[in-house]
Amino acid sequence: MWQRLGSLVIKYRLILLISLVAVTGLMGYFASKVTLSYDFGKAIPTDNPKYKDYVSFRQKFGDDGNVLVLAVKTDKFFDLNYFKAYIAMQEQIRKVHNVNNIISVPAAINLVKDSVTQKLNAVKIFSDQILTQADLDSAKNIFLRLPFYAGRLYNPDSSCYLMGVGINKDSLNSPLRTKIVNDILACVTSFEKAANTETYRSGLPLIRTISSYRIEKEMRFFLFGSVILSALILLLFFRSFSTTILSLMVVLMGVVWSVGILYLCGFKITILTGIIPPLVVVIGIPNCIYFINKYHTAYLVHGNKKQALIEMVSKMGIVTLFCNITAAIGFGVFALTKSAVLQEFGVVAGISIMLIFVVSFILLPAALSYLPVPGKSQTKYLHNKLVTSFLLKVEKWVLNHKPVVYITTSVLLIAAIAGIFRLKTVGFIVDDLPKKDKLYTDLKFFERNFKGVMPLEIVVDTKKKNGLSGTRGLTVFTKADSLAQYIAAMPNMNRPLSIAEGLKFAKQSFFDGDSAYYQMPTLYEIAFMSDYLKANKGDSGSKNNFSKMLASFMDSSRQSARISVSMADIGTKRLPFVLDSIQEKVDQLFDTAKYFFTEPNRQSSYKLDTTISDIDSAISVDTVFSKYDTVPQYKVQLTGTSITFLEGSKFIINGLKESIMWAFLLISLCMLYLFKSVRILVCSLIPNLIPLVITAGVMGWAGVPLKPSTVLVFSVALGIAIDITIRFLVNYKQELPTHNNNVKITVTSTIRHTGLSIVYTSLVLIAGFVIFCFSSFGGTIALGWLTSITLLVATLTNLVLLPVLLLLVGKKS
């Protein structure tokens, strides 16, 4: 069949080449329409309960990851000139399109008690026109007496001051995000120059924007680098510009097709799909090496160009097909997971790898038929002294030193297994950033001074409309405050923010700003404060940052309240214990609610019915007494980016573990179908499982944890490394009858004939993955060096251990 296919390709070569170019042009058109993803990929499926909770939260309260935070650390913050420069930066940022609001020291407000009107008026602490240092010092003293802002806008122990910039969430999920963030950073840079100071920047909008920009930049770099590197290796290998250019045409067509497939599947460029084009280059080049190598060796045997091309297709077609199938399985199994991120990567990578086979199968024989016959310089590599010497040593080890091979393999496996027991499973939200990267160091700055910026949200659902009214509302807020105090006492957790904090702020203001009264009001106190907390109808049209902030902490139906926590990126190992501790406290606090108000000289109990109205202007409480009815039951959910990240990490790691099993099973079936021998199947799997075990051991000894980016390596490496085994065993089976089924002679012949192309192909693969080590993302770096180690070990096990196993099996048969 394969001989006939080879003849057909050569017969209809012109039509096939024109069709190939036409389809490539169409794919190029589709590829030009691919856009960059501006969303963090969904690591968990949409039907996952944690994801549903997060979606429900966002529908009620908006996005929890739309605040870019800036900070300065200085003792001169309240110096007049410095403060004016800071205000100027704030006003410049406020003018940036799609900036919704700013929370900062200059924008801070105070609630001032007006005994005449019986209102608490929201008044800016720092005037827009501060003219003297005395005025600034006076405002500073007022600001520092307000516990509401301590730990949120400033750290009293380290002279650090924070600014939160709220960005329109729809713009953050569009190409506008880059311009918005760059415009904000331009304002920050101007301030740094004017004030001769350093600023620290963080927050999910910044992390996502910079990550997306680097993905786009690195995609181009890796594609260009992999093409250049492959071209150099091919030129060194074949010593022919025409052969090198032809091979590059194969992989470049494959790249265009892969990006076109990305668009046709409705996907965008992410950190994973962005590495598919260079992967296509790395995987496509071995196809070219094996095909052209076979063409050259066949031509040298009988000197007939057409016959050599047909033999190239007939001998290497089935081999290359199964090599690409196993490689596609290694990537494609990710499509079997329920993670959208992995599904996209698996689908596009799997299809692209199979398409690169189609391109190479058509283009190489068709184009080579038009080119002149290979000259002596082009086939000189077949007698490379260095590689030949290495293969002769391999042959010597296989034939004369089998015990050494077994002992060495056993020792390495024992060391690797010991390393596996040292493996740890842990991941961080910004795990892939270099430790010296400013994005990473600035995040650590916020963790040291403000206990982090990663969002954790707690939603208290009263299960009843207006469930936050009356005693029920005050009960919820009191419990929320108790929970907040518990959380604030935990390391790496900032003071939570909720409506309870607003009520405490209001109580302090009601008692003339005395900070000793910054605490939850009692039922008696709320009765006296109620008139002061009513919305000021005359000011209903004006909004301040304080009221805007509080407006986002209760849904429109007054059924659910939100408690927001900023926390450190503590990793997936510690986070579950923290969440369990919080959940235990939640269960303890929100079991029942029994608060009564009993009027003097009356025996009956009453409920204080409070309604928070017009919260956009201030906290307003209308007080009504009624008979105590029933106590509502509460549903409390922990959600937010931190929760979805933890759930996503678990989901991805479990999905990747499953994908390894699927890859192993499917590849085993392919090998069994190809060789139709259980003994050969066992011989083929052992040399490919050992590299995976050794890589896992290396990770354990090197302290590299199991996380989504590192677990990815195993199924990818298995799919690629098995190619070496297939090529060796197919050649072995093809030559066995020609040597009268003499296993020893056949093994020796296979090492000499196939070893050369295996060595060169392995060099291409290893070099192709090493280039990923120049990434700025830890996950991509891990993919590079861990896969390279796996492929290096796989090359040695397939050249040394596999022949030894074949000799062992051959003796028994």
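Everything in this summary refers to the structure shown in the same document. Per chain, residues are indexed from 1 in the order of the written sequence. Owing to the predicted nature of the model, reporting of local features is limited to residues with pLDDT of at least 70; listing and counting of side-chain atom pairs is limited to 80 or more, with chain, interface and lining totals taken over all residues. Each side-chain value is worked out from all heavy atoms of the structure, with water and hydrogens disregarded.

On to the overall build of the protein chain. The helix and strand inventory of the protein chain stands at 26 helices and 12 strands. Summarising its shape, the C-alpha atoms of the protein chain cover approximately 110 × 55 × 45 Å along the three principal directions. Looking at the protein chain residue by residue over its 813 residues, the buried ones come to 59%. Any two residues whose heavy atoms approach within 4.5 Å are treated as being in contact. A fraction of 79% describes how many contacts in the protein chain between residues 6 or more apart in sequence connect residues 24 or more apart. Approximately 34100 Å² of the protein chain is accessible, and the part contributed by carbon and sulfur atoms is 60%. Of the charged side chains in the protein chain, 83 are positive and 52 negative; the average position of the first set lies 15 Å away from that of the second. The way it works is that DSSP assigns letters per residue, a run of H or I at least four long becomes a helix, a run of E at least two long becomes a strand, and they are numbered from the N terminus. Only protein chains enter the calculation, and the probe is 1.4 Å; a residue is then buried if its accessible area is under 20% of its type maximum, exposed if over 50%, and partly exposed in between. Per-residue accessibility takes into account occlusion by the displayed protein chains alone, with areas from the Shrake-Rupley method and a 1.4 Å probe. His is not counted here, nor are the chain ends, while Lys and Arg score as positive and Asp and Glu score as negative. By convention, the point assigned to a charge is CZ for Arg, NZ for Lys, CD for Glu and CG for Asp.

Think of a pair of aromatic rings as described by two things: how far the centres are apart, and how the planes are tilted against each other in angle. By convention, a stacked pair of Phe, Tyr or Trp rings (six-membered ring in the case of Trp) has centres within 6.5 Å and planes under 30 degrees apart, an edge-to-face pair has planes over 60 apart, and any other such pair is tilted. Following the criterion strictly, the structure yields 34 aromatic pairs and no others. Summarising the aromatic geometry, the rings of Phe 148 and Tyr 149 are spaced 5.1 Å apart at their centres and angled 90° between planes, so their arrangement reads as edge-to-face. With a relative accessible area of 6%, Tyr 149 lands in the buried category. Where Phe 446 meets Phe 450, the ring centres are 6.3 Å apart and the plane angle is 35°; that geometry is what we call tilted. Of this pair, Phe 446 and Phe 450 both sit in helix α16 (residues 438-450), 4 residues apart, which is roughly one turn of that helix.

Bringing the pattern of salt bridges into the picture now. One side-chain nitrogen of Lys or Arg within 4 Å of one carboxyl oxygen of Asp or Glu is enough to make a salt bridge. With the rule as written, the count across this model stands at 15 salt bridges. Residue Arg 214 pairs with Asp 437 through a salt bridge whose shortest N-O separation is 2.7 Å. Here Asp 437 lies in the loop between α15 (402-420) and α16 and Arg 214 lies in helix α8 (residues 204-238), a separation of 223 residues in the sequence. Just as Arg 214 is buried, Asp 437 falls in that class too. Where Glu 457 meets Arg 562, a salt bridge forms, and the shortest distance between an N and an O atom there is 2.9 Å. Taken together, the residues span a long stretch of sequence, with Glu 457 in strand β8 (residues 454-461) and Arg 562 in strand β9 (residues 560-567) at a distance of 105 residues. The same class applies to Glu 457 and to Arg 562, which are both buried. Put simply, Arg 152, Asp 481, Arg 495, Glu 501 and Lys 504 are held in one network by salt bridges that share partners.

A contiguous patch of negative charge on the surface is contributed by Asp 580, Glu 584, Asp 587 and Asp 591. Here Asp 587 lies in helix α21 (residues 575-589). Each patch is built from residues lacking any salt bridge and having more than 30% relative accessible area; the joining distance is 9 Å for like charges and 5 Å for nonpolar side chains (Val, Leu, Ile, Met, Phe, Trp, Tyr).

Attention now moves to a nonpolar patch on the surface. Nonpolar side chains collect at one region of the surface, where Leu 336, Trp 662, Leu 665 and Leu 669 lie side by side and expose about 400 Å² of accessible area between them. Tracing the sequence through the fold places Leu 669 in helix α22 (residues 641-675).

Our focus in this paragraph is empty space enclosed by the protein. Only protein atoms enter the 1 Å grid, on which a cavity is a set of points fitting a 1.4 Å probe that cannot get out and a pocket is an open set with protein on both sides within 12 Å along at least 5 of 7 lines, lining residues being those with an atom within 4 Å of a point. Grid points are joined across faces, edges and corners, and a volume is the space filled by probe spheres set on the points. This structure, assessed with the given rule, holds 7 cavities of 30 Å³ or more. When its volume is computed, the largest cavity comes out at roughly 100 Å³. The wall of the largest cavity is formed by 13 residues, among which Pro 286, Ile 720, Asp 723, Arg 727 and Leu 765 lie closest to the centre. Broken down by secondary-structure element, the contributors of at least two residues to the lining of the largest cavity are α10 (276-302), α11 (305-332), α24 (708-735) and α25 (743-770). Ten residue types, Ala, Val, Leu, Ile, Met, Phe, Trp, Tyr, Cys and Pro, are classed as nonpolar, four, Asp, Glu, Lys and Arg, as charged, and the remainder, Gly among them, as polar. Classifying every residue of the lining of the largest cavity by side-chain character gives 8 nonpolar, 3 polar and 2 charged.

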